[in-house]
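Residue-level structure breakdown
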Amino acid sequence: MASPSPTRETLITVAPTGAEASKDACPDLPTTLPELVETAQRCESAGAAMIHVHVRDADHRSTLDLGRLRRCVAALRAETDLVIQLSTGGAVTDSYADRLRVLDAEPDSCSLTMGTVNFGDDVFSNPWPFVVELYELTQARGVVPEFELFDLGHVAALHRLLDTCGPPFGGRVHCDFVMGVPGGMPGDAATLTAAVQALPHAVTSWSATGIGRTTLPVALAALSCGGHLRVGMEDTLSFAKGRPVRHNAELVERAATLAMVAQRPPMPPGGARELLGLASAEVGQ
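Quick summary incoming for the structure in this document. (Residues numbered from 1 in each chain as written. Predicted model: local features only at pLDDT ≥ 70, side-chain atom pairs only at ≥ 80, totals over all residues. Heavy atoms only, no water.)

Counting buried positions over the 6 residues of strand β10 (residues 174–179) gives 6, a clear majority of the element. Every second residue of β10 is oriented toward a common face, with His174, Asp176 and Val178 on one face and Cys175, Phe177 and Met179 on the other, all of them buried. With 4 bridges connecting them, strand β9 (residues 144–149) and β10 associate as parallel partners. For Leu149, the partnering residue across the bridge sits in β10 and is Phe177. Each parallel crossover has a hand, and the one from β9 via helix α5 (residues 152–165) to β10 is right-handed. Where the polypeptide runs from β10 across helix α6 (residues 189–197) and back to strand β11 (residues 205–210), its parallel neighbour, the crossover connection is right-handed. (Buried < 20%, exposed > 50% of the residue type's maximum accessible area, 1.4 Å probe, protein only. Helix = DSSP H or I, 4+ residues; strand = E, 2+ residues; numbered from the N terminus. Pairing = 2+ DSSP bridges. Right-handed = clockwise from strand over helix to strand, strands pointing away.)

In structure tokens form, the structure reads like this:
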């Protein structure tokens, strides 16, 4: 297929925490609610329009506790204008039931991974019945899914899902290529080009995420192909060789600079709501 027409602006999503890195190993990782709100505010000022959220418990461990998720969504909604996207992936050990329950926190958006993938030494399990159940729940609850694609098989599964279950809430189809995960597709320009060409015609926008050392190659390739960007400490803890990330805002600022060089400046949150179909859905409610 021909890729979706590029916009004049770049949606920058920040993924500030993730489920894997530990606070002990990375003290600058935002794991408490005040840290997450401060991070969101600084990243919004730096050019982010959407935040992809994992939450941690009192011991800084990944959790899908519904109370914590609800408090997080409420705080981010009160203190920022960002589109709030909750992860339904959680950690590799989370149950399907807990992952479905994430939608009870009423985010604007959620991630929806389109298939099982080897995740380093672990397996991130997303069997087809779970994918369908989660997707149908997003349609019923009025949550916009972001389809996460870790390999070309996930792109094929996206074709199947849209053909089987129809369009998502809001009518727009946005996906994110997660590249460079050991066990998933490599983070290089040739793979990204092939993946974009394989997307369903219904896709209206896409972004790309490069894990670890693939962060910059994937970002540059995505901008050259008309795509959007996801950055953050969930995806890389290194800003450059030998230099750790000190704050997620650094990664957003760098992405915003690249977007400006590409003459597609960062998109504000209102533009992101239009892009994802949230603005028209909110008007209709």
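Once the structure has been displayed, the description carries forward.
Applying the stated criterion to the full structure yields 6 aromatic pairs. Considering the side-chain rings of Phe119 and Phe124, the 6.4 Å spacing of their centres and the 80° angle between planes classify their relative orientation as edge-to-face. Note on Phe124: relative accessible area 9%, which makes it buried. Between Phe177 and Trp206, the ring centres sit 5.6 Å apart and the planes meet at 70°, which makes this aromatic pair edge-to-face. Here the residue Phe177 occupies a position in strand β10, and Trp206 occupies one in strand β11, the gap between them amounting to 29 residues. Using a relative accessible area of 0% as the deciding quantity, one classes Phe177 as buried. When its relative accessible area of 2% is taken as the criterion, Trp206 is described as buried. By the ring-pair criterion, three or more aromatic residues cluster together here, those being Phe119, Phe124 and Phe150. (Phe/Tyr/Trp six-rings, centres within 6.5 Å; stacked < 30°, edge-to-face > 60°.)

This part covers the packing of helix α4 (residues 128–141) against α5. It is at 11 Å that the axes of α4 and α5 come closest, and there the two elements cross at 50°. Taken together, α4 and α5 sit at an angle that is classed as oblique. The handedness of the crossing between α4 and α5 is right-handed. Residues Trp128, Val131, Val132, Tyr135, Glu136 and Gln139 of α4 touch α5, and the partners they reach there are Ala157, Arg160, Leu161, Leu162 and Cys165. (Axes fitted to C-alpha atoms, helices over the stretch in contact; angles between N-to-C directions. Parallel < 35°, antiparallel > 145°, perpendicular 65-115°, else oblique. Left-handed = near helix turned anticlockwise from the far one by under 90°. Contact = heavy atoms within 4.5 Å.)

Bringing the side chain of Lys23 into the picture now. Here Lys23 lies in the loop between β1 (12–14) and α1 (33–46). Residue Lys23 is classed as buried on the basis of its relative accessible area, which comes to 15%. Side-chain polar atoms of Lys23 contact the backbone oxygen of Pro27, separated by 3.2 Å. There is a polar contact of 3.5 Å between the side chain of Lys23 and the side chain of Thr31. When neighbours within four sequence positions are excluded, Lys23 is seen to be in contact with Leu29, Thr31, Glu35 and His60. (Polar contact = N/O pair within 3.5 Å; in protein donor to acceptor, adjacent residues only side chain to side chain.)

Attention now goes to helix α2 (residues 66–79). Given a rise of 1.5 Å per residue, 14 residues ought to cover 20 Å, and the 20 Å separating the end C-alpha atoms of α2 matches this to within 8%. Regarding α2, the residues found buried are Leu66, Leu69, Cys72, Val73, Ala75 and Leu76. Two or three places before Gly67, at the opening of α2, Asp65 has a side-chain oxygen 3.3 Å from that residue's backbone nitrogen. (Expected span 1.5 Å × (residues − 1).)

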